[in-house]
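# Notes for the structure review
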Amino acid sequence: MSKLTIVAFDGTRHELDVANGSTVMENAVRNSVPGIEAECGGACACATCHVYVDDAWSGTVGPPEAMEEDMLDFAYDVRPTSRLSCQIKMSDAFDGLVVHVPERQA
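For the chain, the name recorded in an unreviewed UniProt entry is (2Fe-2S)-binding protein, with Shinella lacus as its organism. Checking UniProt for the chain, the heading Sequence similarities (unreviewed entry) contains the comment "Belongs to the adrenodoxin/putidaredoxin family."

Structure (structure tokens):
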């Protein structure tokens, strides 16, 4: 189990205990975190699970792969720390990860 904090756009912090191997998106949907729509269900075929990785974690999480980067072209207000939450798989290395939900999804 790892700790994951998802900060909604209104500042509400959702502090979750999550299984390693699950994605940030799966945990957001499972816990009804507002702002994560996940229309494609995690297939990296939309940009409705867009999040900003907290600056303190951006180096650990790393940049998006090519397919994810292509999908981020459709996201709203993309920033250097933008990722699709369906592509961030939790592990011991990400224990304590913090991500922020944008104002809206694309």
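The subject of this paragraph is the overall build of the chain. A count of helices and strands for the chain gives three helices and five strands. Reading the chain from its N terminus to its C terminus gives the helix and strand order β-β-α-β-α-α-β-β. Counting every position in the chain, which comprises 106 residues, the buried fraction comes to 46%. Taking contacts inside the chain between residues at least 6 apart in sequence as the whole, the part at least 24 apart equals 65%. Side-chain charges in the chain split into 7 positive and 17 negative, and the spacing between the mean points of these groups amounts to 4 Å.

Turning to the nonpolar core, a few remarks are in order. The biggest cluster of nonpolar side chains holds 30 residues, and the ones touching the most others in it are Leu4, Ile6, Val24, Ile36, Leu84, Ile88 and Leu97. Taken together, the elements giving at least two residues each to this core come down to strand E1 (2-7), strand E2 (13-18), helix H1 (24-30), strand E3 (50-53), helix H3 (66-72) and strand E5 (97-100). Setting aside anything within four residues of it in sequence, one finds Ile6 in contact with Thr12, Arg13, His14, Leu16, Val24, Ala28, Val33, Val99 and Val101.

Counting across every chain of the model gives four salt bridges. Between Glu15 and Arg13 there is a salt bridge; the shortest N-O distance is 3.4 Å. Look at Arg13 and you get partly exposed, because its relative accessible area is 47%.

With that settled, consider the side chain of Ser22. Its location among the elements puts Ser22 in the loop between E2 and H1. Under the relative-accessibility criterion, Ser22 is labelled buried at 9%. Among the polar contacts made by the side chain of Ser22, one reaches the main-chain carbonyl oxygen of Ala19 at a distance of 2.6 Å. A polar contact is formed between the side chain of Ser22 and the side chain of Asn27, at a distance of 2.8 Å. If we ignore the near neighbours within four places in the chain, the residues touching Ser22 are Asn27, Ile88, Lys89 and Met90.

Every second residue of E2 is oriented toward a common face, the buried set being His14, Leu16 and Val18 and the non-buried set Arg13, Glu15 and Asp17. Pairing analysis gives six bridges linking E1 to E2, with the strands arranged antiparallel. When the sheet's bridge partners are listed, Val7 is paired in E2 with Arg13.

What follows concerns the sheet that holds strand E4 (residues 82-84). Pairing is mixed across the open sheet formed by five strands, whose spatial order is E2-E1-E5-E3-E4. With one partner strand each, in any of the chains shown, E2 and E4 form the two edges of the open sheet. Taken pair by pair, the neighbouring strands of this sheet meet at an average axis angle of 35°, ignoring direction. Of the strand pairs in this sheet, E1 and E5 are connected by four bridges, and their pairing is parallel. Among the inter-strand pairings, Val7 is bridged to a residue of E5, identified as His100.

The rules behind the values
- Residues numbered from 1 in each chain as written.
- Predicted model: local features only at pLDDT ≥ 70, side-chain atom pairs only at ≥ 80, totals over all residues.
- Heavy atoms only, no water.
- UniProt positions renumbered as here; feature names shortened; annotations may be inferred.
- Helix = DSSP H or I, 4+ residues; strand = E, 2+ residues; numbered from the N terminus.
- Buried < 20%, exposed > 50% of the residue type's maximum accessible area, 1.4 Å probe, protein only.
- Contact = heavy atoms within 4.5 Å.
- Lys, Arg positive; Asp, Glu negative; His and termini not counted.
- Charge placed at Lys NZ, Arg CZ, Asp CG, Glu CD.
- Core = buried A, V, L, I, M, F, W, Y, C linked by side-chain atoms within 4.5 Å.
- Salt bridge = Lys/Arg side-chain N within 4 Å of Asp/Glu carboxyl O.
- Polar contact = N/O pair within 3.5 Å; in protein donor to acceptor, adjacent residues only side chain to side chain.
- Pairing = 2+ DSSP bridges.
- Axes fitted to C-alpha atoms, helices over the stretch in contact; angles between N-to-C directions.

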